[in-house]
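Okay, here's what each chain looks like letter by letter:
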Amino acid sequence: QVRLVESGGGLVQGGGSLRLSCAASGTIFNINAMGWYRQAPGKQRELVSIITSSNNKTYADSVKGRFTIARDIAKNTVYLQMNSLKPEDTAVYYCNARLRKTWYDSYRDYWGQGTQVTVSS
């Protein structure tokens, strides 16, 4: 089995910072990419940022210049440093990993349970 465990969410004032962490564990052969998505009430889940095994990074336009993604390959962990937070960043943040459990598997997406980030105005 594969498990993604997120941490670091919480309540912060506008302009503040939070750091999210997500560790993948279990039967893992190779991780192609890890990243973060978020879902605000009444809205669809959207991409925040992803980082590939070759360290290519993608950011949503709404977070560019404020959020930074990083990855510790040895620990199967991804981090999201969120600065200059805005009330519109309020959402449940979900960790995602695209990985193979064995060498003969296809890549599949796995998700964490989500962590709440609330930014007050």
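Trainee: Looking at this model, I keep getting lost on the overall build of the chain. Mind explaining?
Mentor: When you go through the chain residue by residue, the secondary structure sums to 0 helices and 11 strands. Across the chain, helices and strands are ordered from the amino to the carboxyl terminus as β-β-β-β-β-β-β-β-β-β-β. Against the globule reference of 14 Å for 121 residues, the chain gives a C-alpha radius of gyration of 14 Å, in line with a compact fold. In terms of principal-axis extent, the alpha carbons of the chain reach across some 50 × 25 × 25 Å. Every one of the 121 residues in the chain was classed for burial, and the buried ones make up 38%. For the chain, long-range pairs separated by at least 24 residues make up 56% of all intrachain contacts whose partners lie at least 6 apart in sequence.

Trainee: For this particular structure, what's the right way to read the pairing of strand β9 (residues 91-100)?
Mentor: Along a regular strand, successive side chains alternate from one face of the sheet to the other. Most of β9 is tucked away, with 8 of its 10 residues classed as buried. Sheet analysis places strand β4 (residues 30-39) next to β9, joined by 9 bridges and oriented antiparallel. Bridging from a neighbouring strand, Y37 pairs with Y94 of β9. Judged from the 3 bridges that link them, β9 and strand β11 (residues 115-120) form a sheet pairing that is antiparallel. Within the sheet, the bridge partner assigned to V92 lies in β11 and is Q116. The pairing of β9 with strand β10 (residues 108-111) spans 4 bridges and is classified as antiparallel. Directly across from L99, in β10, lies its bridge partner R108.

Trainee: Please clarify how the environment of P87 should be interpreted in this entry.
Mentor: Assignment of secondary structure puts P87 in the loop between β8 (77-82) and β9. Remark: the alpha-carbon pair of P87 and S120, spanning 33 residues in sequence, is separated by 5.6 Å. Beyond its immediate sequence surroundings of up to four residues, P87 is in contact with V119, S120 and S121.

Trainee: Any chance you could explain the packing of aromatic side chains here in plain terms?
Mentor: For any pair of aromatic rings, the description rests on two quantities: the centre-to-centre distance and the angle between the ring planes. Inspection of every chain in the model, using the stated rule, returns 2 aromatic pairs. Ring plane angle 65° and centroid distance 5.0 Å describe the contact between Y37 and W111, whose orientation is recorded as edge-to-face. With a gap of 74 residues between them, Y37 in strand β4 and W111 in strand β10 connect regions that are remote in the sequence. Given a relative accessible area of 22%, Y37 falls into the partly exposed group. Given the relative accessible area of 38%, W111 is considered partly exposed.

Calculation criteria
Residues numbered from 1 in each chain as written. Predicted model: local features only at pLDDT ≥ 70, side-chain atom pairs only at ≥ 80, totals over all residues. Heavy atoms only, no water. Helix = DSSP H or I, 4+ residues; strand = E, 2+ residues; numbered from the N terminus. Rg over C-alpha atoms; globule rule 2.2 N^0.38 Å. Buried < 20%, exposed > 50% of the residue type's maximum accessible area, 1.4 Å probe, protein only. Contact = heavy atoms within 4.5 Å. Pairing = 2+ DSSP bridges. Phe/Tyr/Trp six-rings, centres within 6.5 Å; stacked < 30°, edge-to-face > 60°.

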